[in-house]
Amino acid sequence: MSFAALSNLFMEAALVTYAGALLAYLAEILFASRQDRDRAAELVGAGAAGRGTSTLVEAPAHALDGHRAPTRWVDLANRLGRIGLTVTVLAFSFHLASVVTRGLAAGRVPWGNMYEFSTMGALAAVAVFLVVVRVYGLRWLGVWVDAAVLVTLGIAVTVLYAEAAPLLPALRSTWLVIHVFAAITGSGLLTVATIVTVMYLAAHGRESRLAAGAAPKRLDAYAARLPTSTALDKVSFRLYAVAFPVWTFAVVAGAIWAQYAWGRYWGWDPKETWSLVTWLIFAGYFHARSTAGWKGRAAAVVAIIGYLSFLFNYFGVNLLFNGLHAYSGL
Amino acid sequence: MGSDVATSTAAPTITHTPPPPAMGPLQLARWAWRQLTSMRVALILLFLLAVAAVPGSVFPQRRVDPLAVADFVEANPGTAPWLDRLSMFDVYGSPWFGAVYVLLFISLVGCVVPRSRHHLQAIRARPPAAPRRLERLPEHRRVTSDRDAQGVLDVAEAALRAKRYRVDRTADTLAAERGHLRETGNLVFHFSLLLILVGAALGGLVGYRGTAVVVEGETFANTVTQYDDLSPGRLYDPADLPPFSVALDDFEAVFEEERGSQRGIARDFTAVVTYRESPDDDERTTTIKVNEPLQLGGAKLHLLGHGYAPIFTVEDGDGDIVFQGPVPFLPQDKNFTSAGVVKVPDAVPEQLGFQGFFLPTAIIDTELGPTSAFPGALNPAVVLLAWRGDLGIDAGIPQSVYQLDLDNMDKVTDDGQPVSQILGAGDILELPDGLGRITYDGYVTWINLQVSDNPGLPVLLTGSVLAMVSVSLSLFVRRRRLWFRVAADAGAGTVVDVAGLDRAHGGDLADELDALVRRLGEVGSATSTMEGSPVPR
């Protein structure tokens, strides 16, 4: 079997395995919310009993044998979450194997067209996620990271797929290795950071509704199991703080390469323009964090807009605009 | 403007909302300066710059692709003049774009200079003295040690200095501080952005960049007249162009011939050139590739594009050869269907013009007619359409070498049919009415050579490297303050209070305190009030 075919096979295996991990995570959420409902019912039952009415008989059966049932759901949910994480690690290995064999098939670094950028970007996001799980223990991020990775890989396999082939002459440079690797690492960091930021907004919304005594929204049940908004803000800031210098480096390395290959370091090519726009928005994010009235929610929204700008720079600019970065291979 | 509304000098009356204080020109200027240098305005300017940059990626830009602008103007006659008035085709040179980034940089200077002054003072100042009640700080430990008070402080001071804290010691306390590098990084980062701006301006003032089409077998001499397009910096004298010359000996493009979907994709471009650094120097031969420019006389020579130049011989009605040589044709699509014209002003009895297409791999498409199916020259052919009349060259008005001015020309017809023909190498197109004939002799290639020199590059590189290092410092260095206070225990030992404070939450402050306490020896009844606890799972 050729390396190219092997790479595709590994990619299929990774897709299936990521899907499996996603199912495990979803089941975790399901059972954890089951526990919430049971606890709520239990509280209703207990409260009713305390007030001396006769609704005790209407309470769910498990309320009679105390707290064993909720614990069982929690155990099950936790076990599913751990399974999800283990399966994600397995999927990551397949994914990595696919990328490596792709590089062997093409005889070069496996980032030379949009299919490869996408698979590498997704790989970087999972790698960042696994590091975040190790450092901060944020396993619950898995469901969102897995979903994002599945969507990205799905688009890569169906829409962006290009055969393993040598590089275009314009890409044949050491700077491809450096510049694109930095951009891909940055994309992984930004993706996970932005997922944490969205979770921050969910947690923040719930907390402010609680504080104001407002009626909870439907999503608050999920947000209730998230860490505090303060903790989430901290984690997302750390990730953006790593992503920003990496992104800066990617832009600078791109400019150095452009100077070397085209004799001009900056030519307002759409890709260059949008990488600057993205950089400016994230610069805005860091300033917003230390500006009165912009801290918290507003800064988070700025970061999300920055991420959307990054996404547009990748998909929009590569596919819509006819610039110098038209390397989609489509 | 403020003096008219000087209500503040009026007798005190009871008003519900006090009017804004009157401002003289000086106060107004000071107020405006404070606004401009405030973080909020900097933030708005950052977003404004991001938004202002966007239209340049949507509309074609003159400085990037003037042909695309011309096409756009032609396709949108209604909106284009308005867009042009708003500088939409030259966004990055427009007054409003310039205004935003100049304001942003002024705001940056106005913010960073005073902060630098404060920072210099802070660096020289002693670490702040220990607060009276250390147990109220976010992290606090109390331990008893066997050592005497000064022994404890000795150990603590050594440990802290080893960790690069600045330490200030009194009889019974130790104040320590680290992390000024964070603000240093922050300030250096902003100054390095200024350096990048200076580097960019420098390149624009004293550098130059130009392009020229060089046909295989011909020589490019580095003088103004040989350029198709030259943009020297404002302070650059084109007479200073280094006197090198470059001859294109051979150009080869390799295209993918296999691999189905990738067929026709470029695989390699190589230009073999012979050059002289100056007219007196020896000839040298080398290659230029896309990612391998040639450095010559301080300038860089880049291979930007390539195309085909079919070779024609034109004989006029008298049988004289009035034109002979290669004519660069411009590629129109990815299969290098190339368009161009041949102008023959010296032909008699009438001036002749030919519109043509060069097809590197000619096929006859049932719908498109003759077209190219592959960018490589597998089956080269040209299609010519002949014109007669006045080329309009004699008027002295400059015109494009890639287009015929058809105002005073007519199609050459034979029995009412326009004369047009597909020619393989060596084929002849005979013109009726004794006008002459044209022979397609074969083809050579041409390259688009870019010559550039940018003296701002070292400044730009320095600024960029400085920016990357300093922004990392400003984001990763942690500011931390630690205090020790010792008191004699009722027994034999010493009671030590250790406390710390981070500028930002979520660090390893607790870990560091624990490690310090361990250094002091026996861990006593350590009390701790934890706020920066780890993230819940």
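Because the structure is predicted, anything quoted here is derived from the model rather than measured.

1. Regarding the overall build of chain A
Move 1: The number of helices and strands found in chain A is nine helices and zero strands.
Move 2: Reading the helices (α) and strands (β) of chain A from amino to carboxyl end gives α-α-α-α-α-α-α-α-α.
Move 3: Here chain A holds 330 residues, and 49% of them are scored as buried.
Move 4: Partitioning the intrachain contacts of chain A with sequence separation of at least 6 by distance along the chain shows that 78% fall at a separation of at least 24.

2. Details of the overall build of chain B
Move 1: Helix and strand counts for chain B come out as ten helices and 26 strands.
Move 2: Computed over the C-alpha atoms, the radius of gyration of chain B is 38 Å, more than 25% above the 24 Å expected from 2.2 N^0.38 for a compact globule of 537 residues.
Move 3: Every one of the 537 residues in chain B was classed for burial, and the buried ones make up 33%.
Move 4: Sequence-distant contacts, at least 24 apart, represent 63% of the contacts inside chain B between residues at least 6 apart.

3. Focus on the domain arrangement of chain B
Move 1: Segmenting chain B into domains produces domain 1 (25-118), domain 2 (129-178 + 478-519), domain 3 (205-306 + 450-466) and domain 4 (309-442).
Move 2: Centre-to-centre, using C-alpha coordinates, domain 1 of chain B lies 32 Å away from domain 3 of chain B.

4. A closer look at the pairing of strand S26 (residues 494-502) of chain B
Move 1: Of the strand pairs in this sheet, strand S1 (residues 139-145) of chain B and S26 of chain B are connected by seven bridges, and their pairing is antiparallel. For Thr144 of chain B, the partnering residue across the bridge sits in S26 of chain B and is Val495 of chain B.

5. Concerning the confidence of the model for chain A
Move 1: When the pLDDT values of chain A are averaged, the result is 85; 86% of them are 70 or greater.
Move 2: Predicted confidence is poor over residues 46-68 of chain A, with pLDDT under 50, and the contacts of this stretch with residues over four places away or in other chains come to 14 contacts.

6. Details of unusual backbone geometry
Residue and element names in this part refer to chain B.
Move 1: In this structure, the amide linkage connecting Val348 to the following residue, Pro349, adopts the cis form with an omega of 5°.
Move 2: When you line up the elements, Pro349 lands in the loop between strand S14 (338-344) and strand S15 (351-359).
Move 3: In this structure, Ser87 is a non-glycine residue whose phi angle is positive, near 60°.
Move 4: Turning to its location among the elements, Ser87 is positioned in the loop between helix H5 (80-85) and helix H6 (95-124).
Move 5: According to the C-beta neighbour criterion, Ser87 is partly exposed, with 19 such atoms within 10 Å.
Move 6: Even without being a glycine, Asp433 presents a positive backbone phi close to 60°.
Move 7: With respect to the helices, strands and loops of the structure, Asp433 is situated in the loop between strand S23 (428-431) and strand S24 (436-453).

7. A look at the packing of helix H8 (residues 270-289) of chain A against helix H9 (residues 297-320) of chain A
Between two packed helices, what matters for the description is the angle formed by their axes and the separation of those axes.
Residues and elements named next belong to chain A.
Move 1: Put simply, H8 and H9 touch, their axes get as near as 8 Å, and they point 170° apart. By the angle class used here, H8 and H9 are roughly antiparallel. Note on element contacts: H9 touches H8 through Ala298, Ala299, Val302, Ala303, Ile305, Gly306, Ser309, Phe310, Phe312, Asn313 and Val317, opposite Pro270, Lys271, Trp274, Ser275, Val277, Thr278, Ile281, Phe282, Gly284, Tyr285, Ala288 and Arg289.

8. Brief notes about the nonpolar core
Move 1: Ranked by internal contacts, the top residues of the largest apolar core, which has 179 residues, are Val192, Val196 and Ala243 of chain A.
Move 2: For this core, the leading source of residues is helix H7 (residues 229-262) of chain A, giving 21 residues.
Move 3: Every residue in contact with Val192 of chain A, bar those within four places of it in the chain, is listed here: Ala125, Val128, Phe129, Val132, Leu141, Val145 and Leu239 of chain A.
Move 4: Core analysis: the second largest hydrophobic core is formed by 23 residues, Ala130, Ala156, Val496 and Leu520 of chain B among them.

9. Here's the deal with the sheet that holds strand S2 (residues 166-169) of chain B
Residues and elements named next belong to chain B.
Move 1: Within the open sheet, the five strands sit side by side as S1-S26-S25-S3-S2. Their pairing is antiparallel. Strands with a single pairing partner mark the edges of an open sheet, and in this sheet they are S1 and S2. Recorded for the sheet is a direction-independent mean angle of 15° between the axes of neighbouring strands.
Move 2: In the packing of helix H7 (residues 149-162) onto the sheet, the strands contacted are S1, S2, strand S3 (173-178), strand S25 (480-488) and S26, and the crossing angle to S25 comes to about 165°.
Move 3: Strand contacts of helix H10 (residues 509-519): S1, S25 and S26, with the helix running at about 160° to S26, the strand carrying the most contacts.

10. Describing the sheet that holds strand S7 (residues 245-255) of chain B
Residues and elements named next belong to chain B.
Move 1: Taken together, the four strands give an open sheet; going across it, the order is S5-S7-S8-S9, and neighbouring strands pair in antiparallel fashion. The sheet is open, and its two borders are formed by strand S5 (219-221) and strand S9 (284-288), each paired with just one other strand. Taken pair by pair, the neighbouring strands of this sheet meet at an average axis angle of 30°, ignoring direction.
Move 2: The pairing of strand S8 (residues 266-276) with S9 spans five bridges and is classified as antiparallel. Looking across to S9, one finds that Thr274 is bridged to Thr285.

11. Topic: the interface of chain A and chain B
The extent of an interface is frequently quoted as the accessible surface area lost upon association of the parts.
Move 1: Contact residues are listed per partner, giving 44 residues for chain A and 45 residues for chain B.
Move 2: Here the side of chain A that touches chain B gets twelve residues from one element, more than from any other, and that element is H7 of chain A.

12. Some words on H7 of chain B
An α-helix turns once per 3.6 residues; consequently, residues spaced three or four apart project the same way.
Residue and element names in this part refer to chain B.
Move 1: Here H7 is 14 residues long and its end C-alpha atoms lie 20 Å apart, about the 20 Å a rise of 1.5 Å per residue gives.
Move 2: Among the residues of H7, Val152, Leu153, Ala156 and Leu160 are the ones counted as buried. Burial along H7 is one-sided: seen end-on, the buried residues are contained in an arc of 95°. Projecting away from the buried face of H7 at angles above 90 degrees are the exposed residues Ala158, Arg161 and Ala162.
Move 3: Looking at the buried side of H7, the elements it contacts are S1, S2, S3, S25, S26 and H10.
Move 4: Just beyond H7, the residue with positive phi is Arg164, at close to 65°.

13. Re the confidence of the model for chain B
All names here are of chain B.
Move 1: Put simply, chain B has an average pLDDT of 86, and 92% of its residues get 70 or more.
Move 2: Predicted confidence for residues 522-537 stays below pLDDT 50, and this span has 41 contacts to residues more than four positions away or in other chains.
Move 3: Across the assembled chains, the prediction reports ipTM 0.84 with pTM 0.83.

Cut-offs and rules
Residues numbered from 1 in each chain as written. Chains lettered and ligands numbered in written order. Predicted model: local features only at pLDDT ≥ 70, side-chain atom pairs only at ≥ 80, totals over all residues. Helix = DSSP H or I, 4+ residues; strand = E, 2+ residues; numbered from the N terminus. Buried ≥ 20, exposed ≤ 12 C-beta atoms within 10 Å, placed from the backbone. Contact = placed C-beta atoms within 7 Å. Rg over C-alpha atoms; globule rule 2.2 N^0.38 Å. Domains from an automatic or database assignment. Pairing = 2+ DSSP bridges. pLDDT = per-residue confidence, 0-100. Axes fitted to C-alpha atoms, helices over the stretch in contact; angles between N-to-C directions. Parallel < 35°, antiparallel > 145°, perpendicular 65-115°, else oblique. Core = buried A, V, L, I, M, F, W, Y, C linked by C-beta atoms within 7 Å. Expected span 1.5 Å × (residues − 1). Arc of directions from axis to C-beta.

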